[in-house]
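Here is what each chain is made of, one letter per residue.
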Amino acid sequence: MTTHRVTTTAELEAQIRLVLTSGDLEFEVPAGAAATITIGSNQVAIFAMQLEGGDLLIRLASILARGAAPGSELFEYVARGNAEILFGRMSIMDSTELMGMVDLWFDHMMFSEDFDPADFIRTLDLFAKAADLRDDDIVARFGGV
């Protein structure tokens with residue numbers, strides 16, 4: 001596969017969907033995202049974004065746990081985990097569904113002005129595997145679903 005020069009988020013979204021389709025990967029196109037795809041037990045949302053300076057990014061995001069109990073052990077787990085992972089980052093957000101609880105997110109950004117389909121698929125696969133390795137451990141330790 002060759003790289004494709006893209007200059008707008010619409011072009012980037014079209015390239016993402018083309019690559020997913022050509023790889024026979026089932027995906028959905030929800031409002032606000034280029035696509036969502038389920039790999040293992042994780043749903044990965046794929047966003048095309050443009051920074052103020054014009055640079056294009058692809059953001060991969062997955063919820064590792066919804067409705068976990070906040071606390072110092074969880075915060076330490078995220079801080080230490082972020083120091084160990086090779087790419088991506090975990091973050092904690094207030095739960096939009098359960099008052100007083102938190103959701104744990106895992107996300108990764110990649111520059112994409114020169115969209116490389118092989119690099120995108122490899123990154124998507126590694127990202128999904130990394131999320132899949134962490135989600136069950138997080139739910140077992142800190143609750144949530």
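Reading the values: rules and limits
Residues numbered from 1 in each chain as written. Predicted model: local features only at pLDDT ≥ 70, side-chain atom pairs only at ≥ 80, totals over all residues. Heavy atoms only, no water. Axes fitted to C-alpha atoms, helices over the stretch in contact; angles between N-to-C directions. Helix = DSSP H or I, 4+ residues; strand = E, 2+ residues; numbered from the N terminus. Parallel < 35°, antiparallel > 145°, perpendicular 65-115°, else oblique. Contact = heavy atoms within 4.5 Å. Nonpolar A, V, L, I, M, F, W, Y, C, P; charged D, E, K, R; others polar. Left-handed = near helix turned anticlockwise from the far one by under 90°. Expected span 1.5 Å × (residues − 1). Buried < 20%, exposed > 50% of the residue type's maximum accessible area, 1.4 Å probe, protein only. Arc of directions from axis to C-beta.

A word on the packing of helix H1 (residues 9–22) against helix H3 (residues 117–142)
Point 1. Their axes nearest at 11 Å, the elements H1 and H3 cross at an angle of 75°. Classified by the angle their axes make, H1 and H3 are roughly perpendicular. Contacts between H1 and H3 involve Ile-16, Val-19 and Leu-20 from the former and Pro-117, Phe-120, Ile-121 and Leu-124 from the latter.
Point 2. Of the residues that constitute the contact of H1 with H3, the class distribution is seven nonpolar, no polar and no charged.

Let's talk about the packing of helix H2 (residues 72–84) against H3
Point 1. Closest axis-to-axis distance for the H2/H3 pair is 11 Å, and the angle between their directions is 160°. Comparing the axis directions of H2 and H3 gives the class roughly antiparallel. Considering only the axes of H2 and H3, their crossing is right-handed. On H3, the residues that touch Glu-73, Leu-74, Tyr-77, Gly-81 and Glu-84 of H2 are Arg-134, Asp-137, Ile-138, Arg-141 and Phe-142.
Point 2. Per-class residue counts for the contact of H2 with H3 are four nonpolar, one polar and five charged.

Description of the side chain of Ser-95
Point 1. Note that Ser-95 resides in the loop between strand E5 (89–94) and strand E6 (102–111).
Point 2. If we skip the residues at most four places from it in the chain, Ser-95 touches Gly-67, Met-101, Val-102 and Asp-103.

Notes on H2
Point 1. Helix length check: H2 (13 residues) gives 18 Å between terminal C-alpha atoms against 18 Å at 1.5 Å per residue, within 8%.
Point 2. All of the buried residues along H2 are Leu-74, Tyr-77, Val-78 and Gly-81. Angular distribution of buried residues about the axis of H2 spans 95°; they occupy a single face of the element. Within H2, the exposed residues directed more than 90 degrees away from the buried face are Ser-72, Arg-80 and Ala-83.

Some words on H1
Point 1. Taking 1.5 Å per residue, 14 residues should reach 20 Å; H1 reaches 20 Å between its end C-alpha atoms and fits that length.
Point 2. Residues of H1 that are buried include every one of Leu-12, Gln-15, Ile-16, Val-19 and Leu-20, and no others. Down the axis of H1, the sector holding all buried residues measures 130°, keeping them to one side. Looking at H1, the residues exposed on the side facing more than 90 degrees away from the buried face are Ala-10 and Ser-22.
Point 3. Positive phi appears at Asp-24, one or two residues downstream of H1, with a value of about 55°.

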